[in-house]
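Descriptive structure summary
Given next are the chains, with one letter for each unit.
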Amino acid sequence: NAGVMQNPRHLVRRRGQEARLRCSPMKGHSHVYWYRQLPEEGLKFMVYLQKENIIDESGMPKERFSAEFPKEGPSILRIQQVVRGDSAAYFCASSPPGSGTGFQPQHFGDGTRLSIL
Amino acid sequence: AQSVSQHNHHVILSEAASLELGCNYSYGGTVNLFWYVQYPGQHLQLLLKYFSGDPLVKGIKGFEAEFIKSKFSFNLRKPSVQWSDTAEYFCAVNEGIKAAGNKLTFGGGTRVLVKP
């Protein structure tokens, strides 16, 4: 039973390039979350998506960052014109639809380590 | 805004020693509380969770945590650690209201090194 799949595991980009990070949720999960972990820091929430909808993007930087979760295919976190400060580990998590308790624990992927040269 | 504090950034101890990691949060309302563990090179795994009920929660691998509402705390404990418990531990909180959605607020993490 596959868990949350993220690819690539490592991504190297030069300043000014675009980075695309992919996340396939666990089977049966329709909610996807993206978190960023800067060096020596904890995870910070970025965005929460359901299929074709952005539910909460309160943690997303206002510029250069975007996320989508199309009807078919993985969720994509896109960073345009990357800068050195974007170097971090980006984790995706997924959860099933709520079942009355209102909250379902999130299952995390292995993360994508983004390095900007 | 919600914040989560983990007081110890690094903990070093010997096998068989007892472990307690502190976690405090700032939100005064209903909360859902979690501890995650990240072994070297691996993804975060859920150790235990608290939604409601008995404030003493037992998780996997012999870990437990106690929710003390008056202290806004959710400390993690293990009576006797093993070398394989070497990992980074994260406390996380979700505001238990529908408007907050499902996002988690994480503490900064505590790196635990267990010496054989």
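Scope of this entry: the structure provided in the associated data block. (Residues numbered from 1 in each chain as written. Chains lettered and ligands numbered in written order. Predicted model: local features only at pLDDT ≥ 70, side-chain atom pairs only at ≥ 80, totals over all residues. Heavy atoms only, no water.)

1. Describing the environment of Pro8 of chain A
To be explicit about the condition: Strands are runs of DSSP state E lasting at least two residues, helices are runs of H or I lasting at least four, and both sets are numbered from the N terminus onward. Only heavy atoms enter the contact rule, under which two residues are in contact if any of them lie within 4.5 Å.
Structurally, Pro8 of chain A is set in the loop between β1 (5-7) and β2 (10-13). Dropping the residues within four chain positions of it, Pro8 of chain A is found in contact with Arg20, Gly111 and Thr112 of chain A.

2. Concerning the sheet that holds strand β7 (residues 65-68) of chain A
Residues and elements named next belong to chain A. Our working definition: A pair of strands is treated as paired once DSSP finds two or more bridges between them. Only the contacting stretch of a helix is used when fitting its axis, a line to C-alpha atoms as for every element, and angles between N-to-C directions run 0 to 180 degrees.
Strand order in the open sheet made by the four strands is β1-β3-β8-β7, with antiparallel pairing throughout. Unpaired on one side and paired on the other, β1 and β7 mark the two borders of the sheet. The average undirected angle you get between the axes of adjacent strands in this sheet is 15°.

3. Focus on the pattern of salt bridges
In plain terms, the rule: Criterion for a salt bridge: a side-chain nitrogen of Lys or Arg within 4 Å of a carboxyl oxygen of Asp or Glu. Any residue under 20% of the maximum accessible area for its type is buried, any over 50% is exposed, and the rest in between are partly exposed; the area is computed with a 1.4 Å probe on protein chains only.
Evaluation of the coordinates by the stated rule reveals 11 salt bridges over all chains. The partner of Lys103 of chain B in a salt bridge is Asp56 of chain A, and the shortest N-O contact between them spans 3.8 Å. You can see Lys103 of chain B sitting in the loop between β10 (87-95) and β11 (105-106) and its partner Asp56 of chain A sitting in strand β6 (residues 53-56), one on each of two chains. The partly exposed category is assigned to Lys103 of chain B, whose relative accessible area is 27%. Through salt bridges that share partners, Lys58, Glu64, Glu66 and Arg77 of chain B make up one connected network.

4. Observations regarding the packing of aromatic side chains
What counts is decided by this rule: Two aromatic rings, drawn from Phe, Tyr or Trp (for Trp, its six-membered ring), form a pair once their centres lie within 6.5 Å of each other, and the interplanar angle then sorts them: stacked below 30 degrees, edge-to-face above 60, tilted otherwise.
Summed over the entire model, instances satisfying the criterion amount to 13 aromatic pairs over all chains. Both rings, one in Tyr35 of chain A and one in Phe45 of chain A, keep their centres 5.9 Å apart while their planes meet at 70°; by these two values the pair is edge-to-face. A residue pair is termed long-range when its members are at least 10 positions apart, and Tyr35 of chain A in strand β4 (residues 31-37) and Phe45 of chain A in strand β5 (residues 43-50) qualify at 10 residues. Judged by relative accessible area, Tyr35 of chain A falls into the buried class, the value being 0%. Taking the centre distance of 5.9 Å and the plane angle of 80° together, the rings of Phe108 of chain A and Phe106 of chain B count as edge-to-face. On the criterion of chain membership, the pair formed by Phe108 of chain A in strand β10 (residues 107-108) and Phe106 of chain B in strand β11 is interchain, its members lying in two chains.

By themselves, these observations are geometric and do not establish any function.
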